[in-house]
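Report on the structure
Residue strings, one per chain:
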Amino acid sequence: MKSREQEYKEIFIAEALEYFDALNRHISTLEKQPDDEQTLAEIFRLLHNMKANSKAIGYLQISDVSHKLETAFSLIRNKELAFSDEVVTVLFDGIDLLGELITNIDSNQEAEPDPVLLRNLDIIVENLSDSAIELAKVQKYNTSKNLSLSDLVYIQIKKLDHLMNLVGELMIDRDRILSISKDMGNEELKTVSSHLYRITEDLQYSVMDARLVNIGSLFNKFPRIVRDIAAAEKKEVDLELIGQDIQIDRNILQIMTDSLLHLVRNAVTHGLETPAEREKKEKPRMGHLTLSAKSDRENVLIELADDGKGMDFKLIKRTAVERHLITADAAEGLTEAEVLSFLFEPGFSTAKEVTEFSGRGVGLDVVKNAIDSIGGRLMVKSEKGKGTTFSMQLPTSIAVKGALLFEVDEIFYAIPLIHTEQVIALDKDELHEVGDVMIADLKGEAITVVYLHELLNTDEHQMRLGDKSRLKGQVQNIVVVSYNNRKIGLIVDKLYRQQDIVVKPMSKPLDRIDLYGGVTLLGTGKVCLVLDVPATTRYFMNRRQAQEHV
Amino acid sequence: MKRILIVDDSFYMRTLLKNMLSDAGYEVVGEAPNGQTALELAKETKPDLITLDVILPDNTGLDVLKGIKAEQPDMKVIIVSAVGQEVIVNEAMEYGAKSYIVKPFSEEKVLEVVSKVLAED
Amino acid sequence: MAKQTQTADKTAEKPAENDKAAAMDAPAAEGKKAAEPQPVKEEMVHLIVFKLGAEYYAIKIEQVKEVNITPATTRMPRTPHFVKGVANIRGDIIAIIDLEDRFNIRPAPLLDGLNPDLTYTLVIEAKGYSIGVTVKEMPQSLNLPISKIDKAPSFLQDVNISENFIEGLARTGDRLIIVLDMHKILTQDEVRELPG
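Going by the annotation in an unreviewed UniProt entry, the name recorded for chain B is Response regulator, with Pontibacter diazotrophicus given as the source organism.

Structure (structure tokens):
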């Protein structure tokens, strides 16, 4: 049983962190529109609550700092204090300090507020901020900001993970029972097992639901971050947030945190131009950044769009050639999507300068790996002079995925639907041997096709990926998958249905083999291997190159 | 059992008040985080008493007080405020608030004021 | 049928017990016909004995979780040759490996009357996970005094197995048994054998 004190504390922290995020958002607005009455009133209200709550629970440092900030804002509201640059800096520092004090409540470490900062606040509050008194520079106590998600979920996520795993196990057994009851033909058993089916389904959705958090809990941190990066980069940026109320699995959002931060930094530092450059191009001085989320039944789509200079396709091609990722001749014939896919190669970065916020030696490949690890997809579109958009398609839940089941050489496989584009049946004559691979024409789009049996089961030295004679039968079932802006058709022996599967991680030591994302048990009790599309694609590219060198 | 409506924009404050009041045997019939909800709940639940925070996100506490009094002139309202808001509290008393509590409050103080106001007639 | 025939053979042939559970309950000093006269208090060690190629090998019982008839195994393409695949053992999906393949031990010709499709799997408990090791004949249980295990065998050059993996050499009657340390076999070195 949780004691009431513990409960009060948790509520206080959760609410205080919410206030903290909101304060950051509002003060960024205020910086652009210092006279916005409504924003001022809202900041005042938040600080007021923070003060009262922290006093009630006994966190006196927090109430003291809130009180000083509240006073400062009431002076600003009454036009007794100018919202000057120096004042803004002190206020931002003060809000940061609040955030630190709140975060430290749980870590039990007593953070001593910076005395210079407190003195600065006092100077402002006592309205002495005329030019005679210099506001001392505050040593930045947090040089690299870490993002942490508000723990509004009052249960350890570990426990929810465990619950989710148990539900997964239960679903596997349920499917098994359903399959057995069909075989036995016992009516009573059929009724019971279909009831069991519905209950477990409800249970699954309830547990998944309990793990959902608002995407806003991450998005709302960005106005402040963008403001800080823009200030350091001397850029003017307007950040638009859309879809903060979209819900997503908390662990997936946690994994996305660093990636999103990285993409936003890149967008401000490298994507958007300086105000002067923009004016020269007849664009508005202020760069526009949109961070949006939307969802359908299966996935959440997060998009980050800037209206900056767009990717330099020539430079990317040149770098790719310099890095021996492709020959100069082949580079000429690439589509724009293919050119952009080089961005995700390890260490590939076209940034000329490493600035304080961007770069840092971390490339887009890290973002890509994070998204791959949760079974999502990363796409990029860019137009020179117009801007760049990164799209991240993410599963709503980690454990349960929609998947397509098929068979190759009497082994069952599954591919998560998030990676499948379409399923088609083509006559063998519609496949063409081109160089070392097979190509199919799909409504005008040439797609590389690979015979999975050949790729998976033939001795690597005898592998011939472009040899049609190895195919069995006349009609070929093809699952078109897409990864890193590349589409590949996988020829399978038999196609089965789509179904929700519970992916179990591969047990050691097989977890090192990245060709498989895990395993699942079918209703029949058979083991089904979950193919990892990124790894399969990489393996194919790798074998294809090996063939060329023979 | 006397019925009470709590109006406060902070979830923490509402929880604190709700626990104090229900522990003391009152029935908390509703919690409103903003002025709009406060007006709706006051009409809907017809409580014996309302505790009203003076700073709300959409409305000032004073406006809410006026709104409640316009509909239910006899409604007993206790103002919950912080130090430094004496001006507003005085104004609220003029508009018919029965008493006030200053944050941070002690349990004894809350119960004392509530029972005193409820006993009045 | 095949299994029973085999069991009977083994009982006659070896001074060991078939039932692992029974063996564990049995007092340590009892039932070891092959043992010479010995001090009563000597510390005993309990082994699970199996055959790889023509030789006898053993694992300490603490490292063995259970012994099963090998369940249906799903082959996993593009894994090392000694990985037979994955199998579902009571809802846990574990890797099944073949130590003969792992150490390049030439398989011995199958004894008459043994069903080639029927093999046994020792489920080994490693740190935080389990792994299955297949053997062709039913493993036996053996209790013997710890002094019967030679800790520093100096004549193992002929054996394909790195001496790091060998805990010692046990002597019982006319038999030599190589005692393996499965935990060492299943360390990171082992995993490095896997492509990644």
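After that view of the structure, there is still more to cover.
What follows deals with the interface of chain B and chain A. The figure often quoted for interface size is the accessible area lost as the parts come together. Listed as interface residues are 13 residues of chain B and, on the opposing side, 13 residues of chain A. Examining the composition of the side of chain B that touches chain A, we find that six residues originate from one element, helix 1 (residues 11-23) of chain B, more than from any other.

Let's shift gears to the sheet that holds strand 7 (residues 387-395) of chain A. All names here are of chain A. With mixed pairing, five strands are arranged side by side in an open sheet as 2-4-5-7-6. For this open sheet the edge positions go to strand 2 (237-242) and strand 6 (377-383), each flanked by a neighbour on one side alone. Strand after strand, the sheet turns through a mean of 10° between neighbouring axes, direction not considered. Across seven bridges, strand 4 (residues 287-295) lies against strand 5 (residues 299-306) in antiparallel orientation. Among the inter-strand pairings, leucine 291 is bridged to a residue of strand 5, identified as leucine 304.

Time to look at the environment of leucine 47 of chain A. All names here are of chain A. Looking at where leucine 47 falls in the secondary structure, it is placed in helix 2 (residues 37-57). A count of 25 C-beta atoms within 10 Å places leucine 47 in the buried class. Taking the C-alpha atoms as reference points, leucine 47 and serine 66, 19 residues apart in sequence, are found 5.6 Å from one another.

It is worth spelling out the UniProt feature "modified residue: 4-aspartylphosphate" (unreviewed entry) in chain B at this point. Residue and element names in this part refer to chain B. Listed under "modified residue: 4-aspartylphosphate" (unreviewed entry) in the UniProt record, and renumbered for this structure, are Asp53. The class of aspartate 53 is buried, set by 29 C-beta atoms lying within 10 Å. When neighbours within four sequence positions are excluded, aspartate 53 is seen to be in contact with Val7, Asp8, Asp9, Gly61 and Val80.

This next bit is on the environment of glutamine 462 of chain A. For glutamine 462 of chain A, the position within the fold is in the loop between helix 16 (452-457) and strand 14 (475-483). Note on glutamine 462 of chain A: 7 C-beta atoms within 10 Å, which makes it exposed.

On to the packing of helix 10 (residues 250-271) of chain A against helix 15 (residues 364-373) of chain A. Residue and element names in this part refer to chain A. Between helix 10 and helix 15, whose axes approach to 9 Å, the crossing angle comes to 150°. Relative to helix 15, helix 10 is oriented roughly antiparallel. For the crossing formed where helix 10 meets helix 15, the hand is left-handed. Taking contact as the criterion, the partners of Ile255, Met256, Asp258, Ser259, His262 and Leu263 in helix 10 are, on helix 15, Val367, Ala370, Ile371 and Ser373.

In this assembly, 18 residues from chain C lie in contact with 19 residues from chain A. Sorting the residues of the side of chain C that touches chain A by element identifies strand 5 (83-89), strand 6 (92-98) and helix 5 (188-192) of chain C as the ones contributing at least two each. When residues in the side of chain C that touches chain A are grouped by element, the largest group, three residues, is from strand 6 of chain C. Its residues assigned to classes, the side of chain C that touches chain A comprises 10 nonpolar, five polar and three charged.

This paragraph deals with the nonpolar core. Judged by nonpolar contacts, the single largest core of 85 residues is most densely connected at Tyr413 of chain A together with Ala58 and Val86 of chain C. No other element matches strand 1 (residues 44-52) of chain C, which puts six residues into this core. The residue makeup of this core includes at least three contributed by each of domain 2 (157-211) and domain 4 (400-548) of chain A. Residue contacts for alanine 58 of chain C: discarding those within four places in its chain leaves Leu47, Ile48, Val49, Leu142, Ala170, Ile177 and Val179 of chain C. Ranked by size, the runner-up nonpolar core spans 67 residues in total, among them Ile11 and Val90 of chain A together with Tyr12 and Leu16 of chain B.

Residue and element names in this part refer to chain A. Structurally, the position occupied by phenylalanine 73 is in helix 3 (residues 60-77). The exposure class of phenylalanine 73 is buried, given the 22 C-beta atoms found within 10 Å. Along the sequence, phenylalanine 73 and isoleucine 124 sit 51 residues apart, while their C-alpha atoms lie 10.0 Å from each other. The contact partners of phenylalanine 73, leaving out residues within four places of it in the chain, are Leu40, Ile43, Phe44 and Leu47.

Let's shift gears to the sheet that holds strand 5 of chain C. Residues and elements named next belong to chain C. Pairing within the open sheet is mixed, and its six strands lie in the order 3-7-8-6-5-4. Each having just a single partner strand, strand 3 (64-69) and strand 4 (73-74) make up the two edges of the open sheet. Two strands pair when backbone bridges link them, and strand 6 and strand 8 (residues 129-135) are joined in this way by four bridges, in the parallel orientation. Note that in strand 8 the partner of isoleucine 97 across the bridge is valine 133.

Moving on to helix 1 of chain B. Residues and elements named next belong to chain B. Counted at 1.5 Å a residue, the expected span for helix 1 with its 13 residues is 18 Å, and the 18 Å between its end C-alpha atoms agrees. Those residues of helix 1 not exposed but buried are Tyr12, Met13, Arg14, Leu16, Leu17 and Leu21. Positive phi shows up at glycine 25, right after helix 1, with a value of about 95°.

With that settled, the discussion passes to helix 9 (residues 222-233) of chain A. For helix 9 of chain A, with 12 residues, the first-to-last C-alpha span of 16 Å sits near the 16 Å given by 1.5 Å per residue. Looking at the buried positions of helix 9 of chain A, the neighbouring elements they touch are helix 1 (4-32), helix 8 (216-219), strand 2, helix 10 and strand 4 of chain A.

A few words on unusual backbone geometry. The omega torsion of the bond from lysine 103 of chain B to proline 104 of chain B falls at -10°, within 30 degrees of zero and hence cis. Checked against the element boundaries, proline 104 of chain B lands in the loop between strand 5 (99-103) and helix 5 (107-119). In this model, lysine 234 of chain A sits at a positive phi of 55°, which is unusual for a non-glycine residue. Summarising the element assignment, lysine 234 of chain A is placed in the loop between helix 9 and strand 2. At aspartate 409 of chain A, a position not held by glycine, the phi torsion is positive, near 50°. As for its position among the elements, aspartate 409 of chain A is in the loop between strand 8 (400-408) and strand 9 (411-416). By C-beta crowding, aspartate 409 of chain A is classed as partly exposed, having 13 other C-beta atoms within 10 Å.

On to the pairing of strand 3 (residues 49-53) of chain B, then. Within a regular strand, side chains alternate between the sheet's two faces. All names here are of chain B. Most of strand 3 sits out of view: five of its five residues are buried. Burial along strand 3 is two-sided: the face carrying Leu49, Thr51 and Asp53 and the face carrying Ile50 and Leu52 are both buried. In the sheet, strand 3 pairs with strand 4 (residues 76-82) via five bridges, with the strands oriented parallel. Considered in strand 4, the bridge of leucine 49 is made with lysine 76. Viewed along the sheet, the connection from strand 3 through helix 3 (residues 61-71) into strand 4 turns out right-handed.

Another point: the packing of helix 3 of chain A against helix 4 (residues 85-107) of chain A. Residues and elements named next belong to chain A. As a packed pair, helix 3 and helix 4 sit with axes 10 Å apart at the nearest point and diverge in direction by 155°. Relative to helix 4, the element helix 3 is oriented roughly antiparallel. Between helix 3 and helix 4 lies a crossing whose hand is left-handed. From helix 3, Gln61, Ile62, Val65, Ser66, Lys68, Leu69 and Ala72 reach across to helix 4, where they touch Leu91, Gly94, Leu97, Leu98, Leu101 and Ile102.

All names here are of chain C. For chain C, per-residue confidence averages 73 on the pLDDT scale, and 67% of positions sit at 70 or higher. Put simply, helix 1 (residues 2-13) is where chain C has its lowest mean pLDDT, 39, and strand 4 is where it has its highest, 92. This model gives residues 191-196 a pLDDT under 50, and the stretch forms 13 contacts once residues within four places in sequence are excluded. Overall fold confidence (pTM) sits at 0.53, and the ipTM for the predicted complex is 0.84.

Conventions adopted
Counting restarts for each chain: residues are numbered from 1 in the order of the written sequence. The lettering of chains begins at A and the numbering of ligands begins at 1, in the order of writing. Where totals are concerned, whole chains, interfaces and linings use all residues; where local detail is concerned, this predicted model gives features only for residues with pLDDT of at least 70, and gives and counts side-chain atom pairs only at 80 or more. Working definition of a contact: two residues with C-beta atoms, positioned from the backbone, lying within 7 Å. Counting from the N terminus, the helices are the DSSP runs of H or I reaching at least four residues and the strands are the DSSP runs of E reaching at least two. At least two DSSP bridges between two strands are required for those strands to pair. The axes used here are C-alpha line fits, helices contributing only the stretch in contact, and every angle between their N-to-C directions lies in the interval 0 to 180 degrees. Every C-beta atom is placed from the backbone, and the number of other C-beta atoms within 10 Å of a residue's own sets its class: buried at 20 or more, exposed at 12 or fewer, partly exposed in between. UniProt positions are given in the numbering used here, feature names are shortened, and annotations may be inferred rather than shown by experiment. Each angle receives one of four descriptions, namely roughly parallel if under 35 degrees, roughly antiparallel if over 145, roughly perpendicular if within 65 to 115, and oblique otherwise. By convention, the crossing between two helices is left-handed when the near helix turns anticlockwise from the far helix through less than a right angle, and right-handed when the turn is clockwise. Nonpolar residues are Ala, Val, Leu, Ile, Met, Phe, Trp, Tyr, Cys and Pro. Charged residues are Asp, Glu, Lys and Arg, and all others, Gly as well, are polar. The nonpolar core criterion groups buried Ala, Val, Leu, Ile, Met, Phe, Trp, Tyr and Cys residues into a set whenever they are joined through C-beta atoms within 7 Å. Throughout, the edges of the domains are those of an automatic or database domain assignment. How far a helix is expected to stretch is found by multiplying one less than its residue total by 1.5 Å. When the strands point away from the viewer, a crossover counts as right-handed if the path from the first strand over the helix to the second runs clockwise. Confidence per residue, as judged by the predictor, is encoded in pLDDT with a range of 0 to 100.

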